[in-house]
2 protein chains.
Amino acid sequence: MPTIIPIEDPEDPRIAAYRDVRERDLVGRDGQFIAEGAVVVRSLVEAERHRALSLLIADKRVEALAPLLAKLPEGTPVYTAGQAVLDRIVGFALHRGILALGEKAPMPSVADLLAGTGARARVVMLFGIGNHDNLGGIFRNAAAFGADGVILDSGCCDPLYRKAIRVSVGATLLVPTARLEAGEDPLALLDRAGFQAVALSPAGAEPLSALAPPPRAALLFGSEGPGLPPALLAGSRTVRIPMTGSFDSLNVATTSGIVLHHFAADPEQSR
Amino acid sequence: MPTIIPIEDPEDPRIAAYRDVRERDLVGRDGQFIAEGAVVVRSLVEAERHRALSLLIADKRVEALAPLLAKLPEGTPVYTAGQAVLDRIVGFALHRGILALGEKAPMPSVADLLAGTGARARVVMLFGIGNHDNLGGIFRNAAAFGADGVILDSGCCDPLYRKAIRVSVGATLLVPTARLEAGEDPLALLDRAGFQAVALSPAGAEPLSALAPPPRAALLFGSEGPGLPPALLAGSRTVRIPMTGSFDSLNVATTSGIVLHHFAADPEQSR
């Protein structure tokens, strides 16, 4: 059971980590993160990957959130406050009425993530996705279609940034994630782990609908403007999503949904 | 050729329509709308559906935008201003440096939109999509996959709201759009026009991948929470997108992309 601690003073040092959430988002939280909203906080607590250090909730929501609070490890502080104090703490109107402070779990290496997958596996590999909406949307799709992991290059933004978590509806807390280290060759890592690299590009050689998904596939996506680096395209099987001539741009999160849906072979089984 | 008119004073009455853009967005513009960014303004000008009443651009961008400006009808006012004046006019830092004031063209009736399509046609029909990001994303997908039109119920937000236009990358200015009138029966209208109604629902009877697209199809989407009304589901062919058990929610714009991709039969031809 958690420990309920009422907070009356927005300056209370015990809730310092929740103060001025937006400004803090910008400077970063050094191994910690903020999760927002009941659905997302439930993912954080139930997944047990990252640790919920504490919660801050509107006192009027304590009763409704009791089942969630009961799942917290013994002694986890749950700070409660009236809506006015809450809004002053976080610096905006916190309609969702629930925040959690999380401690990031260490990420596995890319090699370990790949090695931990089964005989049939799909991982998503992202290059230069710097927009939290897009990153969150891709994770949401990865979770929806049961991808085994998401691998990020150094140009991708933080999947545990508050907005990315929220847009992903908590999926960034659930889907196994790894980040390429400087000097790691993504195609060599995939090849060694028996994954076929399938790269999405408007100039891809095959239309997606004609592609028979290989048993172990890595789906490579770049950002909307520059796309994937030529070296990655040259070393991958390239696939395109045909579009009408006059308008040839899809959002990268939507693209990932289309591709993951196509790769979710034998869909009836995964239902 | 347009008429270039330098503006020095943010209070100049000639650019009143551009003042405090965000606040104005909230009260509505009564038959007018603001389009933002070069790509979007180009769609507005080239599509010639809605009328560009005037442009407001950063003076440093006049040269780069000359090809676009040359396409404006004779005499269209193009107001120019330095970045500081521009930012004071609109009320925020206008990085994109280009706005247009548009006049909404009248919408066709739903019956006329449907009647104007060919033997093979896809229209998107939306119910209760009140979020501008989602609406814009759906229009973007509709344009990318060559849908013949988007039909909105009264619960959908305005596709010509600035943010919806921007998220759609201008597609809301391009894709034929109609809105259901009070008392109109969407299924009866579709039936009369020879369209098969295909409704997306997590509890749909058929998986999407098993569906052979009919020649004339209307693709029905509801909002993420409530979904489509039971009466519409009962009168439609219902389709689901199978997902993994633990996480069963897709964003509605992503869903529309997946469905439109599936329905873009014979994709090679439309490329």
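Residues numbered from 1 in each chain as written. Chains lettered and ligands numbered in written order. Predicted model: local features only at pLDDT ≥ 70, side-chain atom pairs only at ≥ 80, totals over all residues. Heavy atoms only, no water.

Student: Looking at this structure, I do not really get the side chain of R162 of chain B. What am I missing?
Tutor: Residues and elements named next belong to chain B. Mapped onto the secondary structure, R162 falls in helix α7 (residues 162-167). A residue is classified by how much of its surface remains accessible, and R162, at 8% relative accessible area, is buried. In this structure, R162 is in contact with V21, R22, D25, I34, E36 and F92, ignoring residues within four places of it in sequence. (Helix = DSSP H or I, 4+ residues; strand = E, 2+ residues; numbered from the N terminus. Buried < 20%, exposed > 50% of the residue type's maximum accessible area, 1.4 Å probe, protein only. Contact = heavy atoms within 4.5 Å.)

Student: I keep staring at empty space enclosed by the protein and nothing clicks. Help me out?
Tutor: Unfilled space is identified by rolling a water-sized probe across the atoms. Throughout the structure, instances matching the rule amount to one cavity of 30 Å³ or more. Put simply, the largest cavity is a space of about 40 Å³. Among the residues making up the lining of the largest cavity, the classes are represented as five nonpolar, one polar and one charged. (1 Å grid on protein atoms, 1.4 Å probe; cavity = no way out; pocket = protein on both sides within 12 Å on 5 of 7 lines; lining within 4 Å. Points joined across faces, edges and corners; volume = space filled by probe spheres on them. Nonpolar A, V, L, I, M, F, W, Y, C, P; charged D, E, K, R; others polar.)

Student: What should I look at first to understand the domain arrangement of chain A in this one?
Tutor: Where the parts come together, the accessible area they lose is often given as the size of the interface. All names here are of chain A. Domain parsing of chain A yields domain 1 (3-103) and domain 2 (110-263). Using C-alpha coordinates to define each centre, domain 1 is positioned 31 Å away from domain 2. Taken together, the 17 residues of domain 1 in the interface contact twelve residues of domain 2. Across the interface of domain 1 and domain 2, roughly 1300 Å² is buried in total on both sides, 60% from carbon and sulfur atoms. On the domain 1 side of the interface with domain 2, the three residues burying the most area are D25, V40 and R49, jointly 36% of the side's total. For the pair domain 1 and domain 2, the interface holds three salt bridges. A salt bridge links E36 to R162, with the shortest nitrogen-to-oxygen separation between them at 2.7 Å. One can count four residue pairs in polar contact (both at pLDDT 80 or more) joining domain 1 with domain 2. (Domains from an automatic or database assignment. Buried area = accessible area lost by both parts, 1.4 Å probe. Salt bridge = Lys/Arg side-chain N within 4 Å of Asp/Glu carboxyl O. Polar contact = N/O pair within 3.5 Å; in protein donor to acceptor, adjacent residues only side chain to side chain.)

Student: Would you take a moment to explain the pairing of strand β5 (residues 98-103) of chain A for this structure?
Tutor: When a strand is regular, its side chains alternate between the sheet's two faces. All names here are of chain A. Burial runs high along β5: five of the six residues are buried. As paired elements, strand β2 (residues 32-36) and β5 share five bridges and run antiparallel to each other. Along β5, the bridge assignment pairs E36 with L99. Direction of pairing for strand β3 (residues 51-58) relative to β5: antiparallel, over a ladder of six bridges. Across the sheet, S54 pairs through a bridge with L101, a residue of β5. (Pairing = 2+ DSSP bridges.)

Student: How do you make sense of helix α2 (residues 38-47) of chain B when you look at a structure like this?
Tutor: Spacing of three or four residues puts side chains on the same side of an α-helix, whose turn is 3.6 residues. Residue and element names in this part refer to chain B. For α2, the complete set of buried residues consists of A38, V40, V41, S43, L44 and V45. The secondary structure elements touched by the buried residues of α2 are β2 (32-36), β3 (51-58), α3 (66-69), β5 (98-103), α7 and α8 (171-174). Backbone geometry just after α2 places E48 at a positive phi near 55°.

Student: Teacher, can you tell me more about the interface of chain A and chain B here?
Tutor: On the side of chain B, 33 residues touch chain A, which itself brings 33 residues to the contact. At the junction of chain A with chain B, the criterion picks out two salt bridges. For E224 of chain A, the salt bridge is made with R140 of chain B, and the minimal N-O distance between the two is 2.8 Å. Counting every contact that joins chain A to chain B gives eight residue pairs in polar contact (both at pLDDT 80 or more). If you list the elements that add at least two residues to the side of chain A that touches chain B, you get α6 (132-144), α8 (171-174) and α11 (252-263) of chain A. Residue classes in the side of chain A that touches chain B are distributed as 16 nonpolar, twelve polar and five charged.

Student: I'm lost on the pattern of salt bridges in this one. Help?
Tutor: A side chain of one charge can pair with a side chain of the opposite charge when the charged atoms of the two come close. Inspection of the entire model under this criterion finds 24 salt bridges over all chains. D133 of chain A is the salt-bridge partner of K163 of chain A, the closest N and O atoms lying 3.0 Å from each other. You can see K163 of chain A sitting in helix α7 (residues 162-167) and its partner D133 of chain A sitting in helix α6, a full 30 residues away along the chain. Look at D133 of chain A and you get partly exposed, because its relative accessible area is 34%. Between R29 of chain B and D25 of chain B there is a salt bridge, with the nearest N and O atoms lying 2.7 Å from each other. Judged on exposure class, the residue R29 of chain B and its partner D25 of chain B are both buried. Residues participating in the shared-partner salt-bridge network are D25, R29, E36, R96, R162 and R166 of chain A.

Student: I'm lost on the packing of aromatic side chains in this one. Help?
Tutor: Both the distance between ring centres and the angle between the ring planes are used here to describe each pair of aromatic rings. Using the criterion set out here, one finds zero aromatic pairs over all chains in the structure. Stacked on the ring of F92 of chain B, the Lys or Arg R22 of chain B has its end atom at 4.1 Å from the ring centre. (Phe/Tyr/Trp six-rings, centres within 6.5 Å; stacked < 30°, edge-to-face > 60°. Lys NZ or Arg CZ within 6 Å of the ring centre and 35° of its normal.)

Student: Just checking my understanding: could you explain the confidence of the model for chain A for this structure?
Tutor: Interpreting fine coordinate detail is not advised for predicted regions of low pLDDT. Mean pLDDT over chain A: 92, with 96% of residues reaching 70 or higher. Note on residues 267-271 of chain A: pLDDT is under 50 here. Beyond four places in sequence and across chains, it has eleven contacts. (pLDDT = per-residue confidence, 0-100.)

Student: What should I look at first to understand the layout of surface pockets in this one?
Tutor: Counted as a void, the largest pocket has a volume near 1300 Å³. Of all elements in the fold, only α2 (38-47), α6, α7 and α11 of chain A together with α2, α6 (132-144), α7 and α11 (252-263) of chain B reach the threshold of two or more residues within the lining of the largest pocket. Looking at which element gives the most residues to the lining of the largest pocket, the answer is α6 of chain B, with six residues.

Student: What should I look at first to understand the packing of α6 of chain B against α11 of chain B in this one?
Tutor: The axes of two packed helices give the description: the angle between them and the distance between them. Residues and elements named next belong to chain B. Remark: α6 packs on α11, axes separated minimally by 8 Å, with the N-to-C direction vectors making an angle of 15°. Taken together, the axes of α6 and α11 are roughly parallel relative to one another. The two elements α6 and α11 cross, and the hand of that crossing is right-handed. Together, N134, G137, I138, N141 and A142 of α6 and V252, A253, S256, G257 and L260 of α11 make up the contact between the two elements. Considering only residue class, the contact of α6 with α11 consists of five nonpolar, five polar and no charged. (Axes fitted to C-alpha atoms, helices over the stretch in contact; angles between N-to-C directions. Parallel < 35°, antiparallel > 145°, perpendicular 65-115°, else oblique. Left-handed = near helix turned anticlockwise from the far one by under 90°.)

Student: Any chance you could explain the nonpolar core here in plain terms?
Tutor: Nonpolar side chains in soluble globular proteins generally cluster together in the buried interior. One finds L126 and F145 of chain A together with L126 and F145 of chain B to be the most contacted residues of the largest nonpolar core, which totals 70 residues. Among residues more than four places away in sequence, those in contact with F145 of chain B are I241, P242, M243, T244, L250 and I258 of chain A together with G257, L260, H261 and A264 of chain B. (Core = buried A, V, L, I, M, F, W, Y, C linked by side-chain atoms within 4.5 Å.)

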